[in-house]
Amino acid sequence: MIKSLGIIITAATILSAGEGQKGVEGLSKDTRTLLADEMKYIEKGMHHIFSSIVKGEYEEISKTATDIHNSFIFAQNLTEAQRAELKANLPQGFIDLDRSFHAAAAKLSEAAEFEDKTAVEENFAIMTGLCVQCHSAYAQQRFRAFSE
Ligand code: HEC
């Protein structure tokens, strides 16, 4: 009796905690591929920005950061069904981090326009920190090092 009650409570806790949100594992193959494509795209962009920072190529930094900013996953290339799917599966915390990340990209682009070395470095570091923060919370299956 006690044992079965425990199971019911556990099941209820899991259901209420998740509220049907399974994270990226709950996405269809196509939508998950779209997310992975965006990730590869921003990773490439970050490499390019790094090279441009060390060479003082501000125009390149600004252009690439704007491209990253515009790649905002919720704004592009999504069918209505995919948009609904993301909303249903990704928790608010994920959406907030995605938003912060893209806001930092806009700030980086602006800093580069002003050739503000310090602000460029700061915003690049903020963006890198947000990659790690989001992966630690929502991409543990892909990046095992973050699973503890
Ligand atoms: C808002 C959350 C979030 C942010 C911010 C984020 N990522 Fe990701 N990223 C993910 C998730 C979730 C996955 C795992 C997707 C999966 O398992 O299908 C992922 C996967 C990846 C992958 C693997 C893609 C593949 O081939 O499967 C790369 C590369 C990557 N991210 C790079 C980055 C870089 C670089 C940054 C920062 C500049 C970044 N990500 C920022 C959530 C994020």
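Let us look at the structure shown here. Quick caveat: nothing in here was measured; it's all calculated off a predicted structure. Residue positions are given per chain, counting from 1 as you read along its sequence in written order. Totals for whole chains, interfaces and linings use every residue, but because this is a predicted model, local features are given only for residues with pLDDT of at least 70 and side-chain atom pairs only at 80 or more, for both listing and counting.

## Thoughts on the overall build of the chain
So, step 1. Strands here are runs of E lasting at least two residues and helices are runs of H or I lasting at least four, both read from the DSSP assignment and numbered beginning at the N terminus. When its secondary structure is counted, the chain shows 6 helices and 0 strands.
So, step 2. Secondary structure of the chain in N-to-C order comes out as α-α-α-α-α-α.
So, step 3. Partly exposed residues are those whose C-beta has more than 12 but fewer than 20 other C-beta atoms within 10 Å; with 20 or more the residue is buried, with 12 or fewer it is exposed, and the C-beta atoms are placed from the backbone. Counting all 148 residues of the chain, 18% fall into the buried class.
So, step 4. For the chain, the share of sequence-separated contacts (at least 6 apart) that also reach a separation of at least 24 residues comes to 64%. Any two residues are considered in contact once their C-beta atoms, placed from the backbone, lie within 7 Å.

## Describing the environment of His48
So, step 1. If you trace the backbone, His48 turns up in helix α2 (residues 29-55).
So, step 2. What makes His48 partly exposed here is the crowd of 18 C-beta atoms within 10 Å.
So, step 3. Once the C-alpha coordinates of His48 and Ile61 are considered, the two residues, 13 residues apart in sequence, prove to be 7.9 Å apart.

## Some words on the site of the ligand
So, step 1. As a rule, any residue with its backbone-derived C-beta atom within 6 Å of a molecule or strand is reported as near that molecule or strand. Around the ligand, the surrounding shell holds 22 residues, and the nearest of these are Met39, Cys131, Cys134, Ala139 and Arg142.
So, step 2. The set of elements that each furnish at least two residues to the shell around the ligand consists of α2, α5 (92-113) and α6 (117-138).
So, step 3. Of all the elements, α2 adds the most residues to the shell around the ligand, at 8 residues.
So, step 4. Amino acids outside the nonpolar list (Ala, Val, Leu, Ile, Met, Phe, Trp, Tyr, Cys, Pro) and the charged list (Asp, Glu, Lys, Arg) are all regarded as polar, and Gly is one of them. In the shell around the ligand, the residues fall into 15 nonpolar, 2 polar and 5 charged.

## Regarding the environment of Ala137
So, step 1. With respect to the helices and strands, the residue Ala137 is situated in helix α6.
So, step 2. For Ala137, a count of 14 C-beta atoms within 10 Å corresponds to the partly exposed category.
So, step 3. In the structure, Ala137 is positioned 10 residues away from Ser147 in sequence and 8.6 Å away in space, judged by C-alpha atoms.

## Topic: the nonpolar core
Within soluble globular proteins, side chains that are nonpolar generally end up buried alongside one another.
So, step 1. A set of buried Ala, Val, Leu, Ile, Met, Phe, Trp, Tyr and Cys residues, joined through C-beta atoms within 7 Å, is what we mean by a nonpolar core. If you look at the biggest cluster of nonpolar residues, it comprises 14 residues, and the most contacted ones within it are Ile61, Ala65, Ala105, Leu108, Ala112, Val120 and Met127.
So, step 2. Listing elements by their share of this core, those giving two or more residues are α2, α3 (58-70), α5 and α6.
So, step 3. With 6 residues, α5 is the largest single contributor of residues to this core.
So, step 4. Beyond its immediate stretch of four places on either side in the chain, Leu108 contacts Ile61, Ala65, Val120, Asn123, Phe124 and Met127.

## Notes on the packing of α5 against α6
So, step 1. Axes here mean lines fitted to C-alpha atoms, for a helix over just the part in contact, with angles spanning 0 to 180 degrees between N-to-C directions. At a closest axis distance of 9 Å, the pairing of α5 and α6 adopts a crossing angle of 165°. Relative to α6, the element α5 lies roughly antiparallel. Handedness of the α5/α6 crossing: left-handed. Every residue of α6 that contacts α5 at Gly93, Phe94, Leu97, Ser100, Phe101, Ala104, Ala105, Lys107, Leu108, Ala111 and Ala112 is listed here: Ala119, Val120, Asn123, Phe124, Ile126, Met127, Leu130, Gln133, Cys134, Ala137 and Tyr138.
So, step 2. Here the residues of the contact of α5 with α6 sort into 17 nonpolar, 4 polar and 1 charged. Any angle between 65 and 115 degrees counts as roughly perpendicular, while under 35 counts as roughly parallel, over 145 as roughly antiparallel, and the rest as oblique. Handedness of a crossing is defined here by the sense of rotation of the near helix relative to the far one, left-handed for an anticlockwise turn of less than a right angle and right-handed for a clockwise turn.

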